[in-house]
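Below are the chains, spelled out letter by letter.
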Amino acid sequence: MSTKTQIPLVDYLRLGDRPHLVATECTSCGARFFDRRNACASCFGTEFTEAEIATDGILKSFTIVTFAAPGVPVPFVAGVVDCDGTSVRANVINTEPDDQHVKLGMKVRLATTSLGTDDDGVEAVGFGFEPAEGANA
Amino acid sequence: MSEDVFILGINMTKFGKHPDLDIQDLGAQAAMAALADGGVTMGDMGIMAYGNLIGQSFGQQLQKQIGQTGIPVYNVQNACATGATALRTAIMAIKAGECDMGLAVGVEKLAGAGLLGAGGGGGKKKDGHHWEPSGRFGAVTGTDGRIGTQQMPGTFAQVGMEYLYENDYEGTPFELFARISVKNHQHSTLNPLAAYTKAMTLEEVMGDMMIAYPNTRPMCSANCDGAAAAVVVSAAKLKTLSKEQQRRAVKVSASILTSDPWQEACQVLPDVNTLTRVAARQAYEQAGVSPQDLDLVELHDCFATAELVHYDNLELCEPGGAVDFFESGASWRDGSTPVNVSGGLESKGHPISATGIANIWEVCHHLRGEAGDRQIEGAKVGLAHVIGLGSACGVHILEKSAA
């Protein structure tokens, strides 16, 4: 029996009491990435540090996908969130997926979502951004 | 400065469904017609550059149908910029002095293909069910649909929506983008080679099947079959050809290919803007023309949301002024800078590798005064632009021959 009860959807999602995203940040130019790196695409440096990403952000673009690849449930809202200067790709969750509820420039915050449990009882946890209180009257 | 290069012959097939033609048939149709258009044969060619993305075919297979002369073949792939890359490869060979004539071919069989982009969201299939991180993100399952979208319609939808956000647009995005599509579908009614030639009202465009808001089906480029080919020639060689060949030759005033320079967020949402801006700037400088000199533009409207941002990227308007530019009517065929008078990818169709030569064909057709009902009168300078996601951008500026 595994002692681990949760696993994040991706390495750059950190779970626990205060779920947040982390970026791989180039120590020489500050460029931020979310994937495993060979080098920095901006300055070619090879030293990186981990940077915590703000959990509050602004939705700077979105689409509402109603026609997707097989196995991808629709509709869903895909967007880009400006988290204090770092852009993050994510779904917009916990809202109706239509252009009356999802607006450019709306304030959003990170939220986690369960993706189900495997045969060992480990729960995979994903993330999205949900409308922040007081936003989008 | 290396030698000038001219388009001597060029052709595109009818775009659409060609169930009875295979990739070699389509490629041969375009290539042989381009050779005939230029008044030359395979025996005159010093290089072949061949583009095909999805079919995984090779130029050598086409040679085996239309002429095996032993010349080098460069098989190129560059996403939706594959055709432009093939053309540019042939141009570079001439500029390098390796030959004085070359053939570029782009061909695709796509009719009936569905969404293009990443695969489904299934994740690894194994005995039993265990979450196990894999890949560069350490993902335990597929991320398409869980962390945004990896499909083209939604990706380019976000490209257009981001532009509206950055420029404080206060109108209704859906209707704005739908009206761009109405323009291109209206333009297509004059293009017999377009896959779809039916005018659509705003209500029809907005009421059609939603694919990825704000792009409905007619606002997306049409998957279809098609091919296009071009014969390019050096200025010196052109002088030895007939007066008629010289008269119809179109000057390649600029041939530019870029990839995307690193920008914040470019690995989060593909940045199709910066590399287009860089390519456009280089092209205007190389050609010695300004955006105001352009009589027509064929730009990469793979989705209605993409056309808007490229008005700005290609400097057809003031920075941030793409919406005003469109609202002024400038991009309609009777406007100051007609854009996509062919009907664009939304109606002409987008057989990926053919697209980057087909839009050159459209511009050449007008510069030669051979565009029939859709002729832009007196056209002297035109620009053709393509984007391949990932990314690659091709920009060519073409000028009517002085001869």
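Residues numbered from 1 in each chain as written. Chains lettered and ligands numbered in written order. Predicted model: local features only at pLDDT ≥ 70, side-chain atom pairs only at ≥ 80, totals over all residues.

### What about the overall build of chain A?
Next, step 1: Scanning chain A from terminus to terminus reveals zero helices and 10 strands.
Next, step 2: When its helices and strands are written in sequence order, chain A yields β-β-β-β-β-β-β-β-β-β.
Next, step 3: By principal-axis analysis of the C-alpha atoms, chain A measures approximately 45 × 45 × 30 Å.
Next, step 4: For chain A, the proportion of its 137 residues judged to be buried stands at 36%.
Next, step 5: Considering only residue pairs separated by 6 or more positions, chain A has 46% of its internal contacts joining residues 24 or more positions apart. (Helix = DSSP H or I, 4+ residues; strand = E, 2+ residues; numbered from the N terminus. Buried ≥ 20, exposed ≤ 12 C-beta atoms within 10 Å, placed from the backbone. Contact = placed C-beta atoms within 7 Å.)

### Points about the overall build of chain B
Next, step 1: Along chain B, the regular secondary structure elements total 13 helices and 11 strands.
Next, step 2: In terms of overall dimensions, chain B is globule-like: its C-alpha atoms have a radius of gyration of 21 Å, near the 22 Å expected for 403 residues.
Next, step 3: Its C-alpha atoms give chain B principal-axis dimensions of about 65 × 55 × 40 Å.
Next, step 4: Among the 403 residues that make up chain B, the fraction classed as buried is 59%.
Next, step 5: Nonlocal contacts in chain B, meaning residues at least 24 apart in sequence, comprise 77% of its contacts between residues at least 6 apart. (Rg over C-alpha atoms; globule rule 2.2 N^0.38 Å.)

### So, the packing of helix 5 (residues 173–188) of chain B against helix 10 (residues 304–313) of chain B
Residues and elements named next belong to chain B.
Next, step 1: Direction vectors running N to C along helix 5 and helix 10 enclose 90°, while the axes themselves pass 8 Å from each other. Viewed along their axes, helix 5 and helix 10 adopt a mutual orientation that is roughly perpendicular. Contacts from F177, A178, I180 and S181 in helix 5 reach A304, T305, E307 and L308 in helix 10.
Next, step 2: For the contact of helix 5 with helix 10, a count of residues per class yields five nonpolar, two polar and one charged. (Axes fitted to C-alpha atoms, helices over the stretch in contact; angles between N-to-C directions. Parallel < 35°, antiparallel > 145°, perpendicular 65-115°, else oblique. Nonpolar A, V, L, I, M, F, W, Y, C, P; charged D, E, K, R; others polar.)

### Some points on the interface of chain A and chain B
Next, step 1: Contacts between the two partners involve 45 residues from chain A and, on the opposite side, 42 residues from chain B.
Next, step 2: Counting residues per element, the ones that place at least two in the side of chain A that touches chain B are strand 6 (56–65), strand 7 (76–83), strand 8 (86–92) and strand 10 (123–131) of chain A.
Next, step 3: If one sorts the elements of the side of chain A that touches chain B by residue count, strand 6 of chain A sits on top with six residues.
Next, step 4: Considered class by class, the residues forming the side of chain A that touches chain B number 26 nonpolar, 10 polar and nine charged.
Next, step 5: The sheet contact formed by strand 6 of chain A and strand 5 (residues 210–213) of chain B spans two bridges and is antiparallel. Paired with V65 of chain A across the two strands is A212 of chain B, which belongs to strand 5 of chain B. (Pairing = 2+ DSSP bridges.)

### Some words on the pairing of strand 11 (residues 392–400) of chain B
Both faces of the sheet carry side chains from a regular strand, because those side chains alternate between them.
Residue and element names in this part refer to chain B.
Next, step 1: Judged by how many residues are buried, strand 11 sits mostly within the fold: nine of nine residues are covered.
Next, step 2: Across the two faces of strand 11 the burial is the same, with A392, G394, H396, L398 and K400 and C393, V395, I397 and E399 all buried.
Next, step 3: The sheet contact formed by strand 8 (residues 250–259) and strand 11 spans nine bridges and is antiparallel. Counted as the bridge partner of V250 is K400 from strand 11.
Next, step 4: Where strand 10 (residues 381–388) folds back onto strand 11 in an antiparallel hairpin, the turn is made up of three residues, including G390, whose phi is positive at roughly 140°.

### Re the nonpolar core
Next, step 1: Counting residues in each nonpolar core, the largest one holds 165 residues, and the members touching the most others are V105 and V232 of chain B.
Next, step 2: Ranked by residues supplied to this core, first place goes to helix 13 (residues 352–367) of chain B with nine residues. (Core = buried A, V, L, I, M, F, W, Y, C linked by C-beta atoms within 7 Å.)

### What about the pairing of strand 7 (residues 226–234) of chain B?
Residue and element names in this part refer to chain B.
Next, step 1: Taking burial as the measure, the nine residues of strand 7 include nine buried ones, the bulk of the element.
Next, step 2: Side chains of strand 7 alternate between two faces, with G226, A228, A230, V232 and S234 and A227, A229, V231 and V233 buried alike.
Next, step 3: As paired strands, strand 1 (residues 5–12) and strand 7 are joined by seven bridges and run antiparallel to one another. Within strand 7, the residue paired with V5 across the bridge is S234.

### Some thoughts on helix 1 (residues 23–38) of chain B
All names here are of chain B.
Next, step 1: Between the first and last C-alpha of helix 1 there are 23 Å, a value that for 16 residues agrees with the 22 Å anticipated at 1.5 Å per step.
Next, step 2: Every buried residue of helix 1 is listed here: I23, L26, G27, A28, Q29, A30, A31, A34, L35, D37 and G38.
Next, step 3: Note on helix 1: the residue one or two positions beyond its end, G39, has a positive phi of about 70°. (Expected span 1.5 Å × (residues − 1).)

### Some points on the environment of S255 of chain B
All names here are of chain B.
Next, step 1: Position of S255 relative to the elements: it lies in strand 8.
Next, step 2: The class for S255 is buried, based on 24 C-beta atoms found within 10 Å.
Next, step 3: Each C-alpha atom of the pair S255 and T89 lies 10.0 Å from the other, and the pair is 166 residues apart in sequence.
Next, step 4: Not counting residues within four places of it along the chain, the set of residues in contact with S255 comprises R88, I91 and H396.

### Quick notes on the sheet that holds strand 3 (residues 73–76) of chain B
Consider a sheet: its strands pair through backbone hydrogen bonds, and that pairing is either parallel or antiparallel.
Residue and element names in this part refer to chain B.
Next, step 1: Spatially, 3-2-4-7-1-8-11-10-9 is the arrangement adopted by the nine strands of the open sheet, whose pairing is mixed. Sheet topology places strand 3 and strand 9 (296–298) at the edges, where each strand pairs with a single neighbour. Put simply, the sheet's adjacent strands are angled 25° from each other on average, direction ignored.
Next, step 2: Bridge count between strand 9 and strand 10: three bridges; the pairing is parallel. Opposite L296, over in strand 10, you have G382 as the bridge partner.
Next, step 3: The strands touched by helix 9 (residues 274–287) are strand 8, strand 10 and strand 11; relative to strand 8, the strand with the most contacts, the crossing angle is about 150°.

On their own, these measurements won't tell you what the molecule is for.
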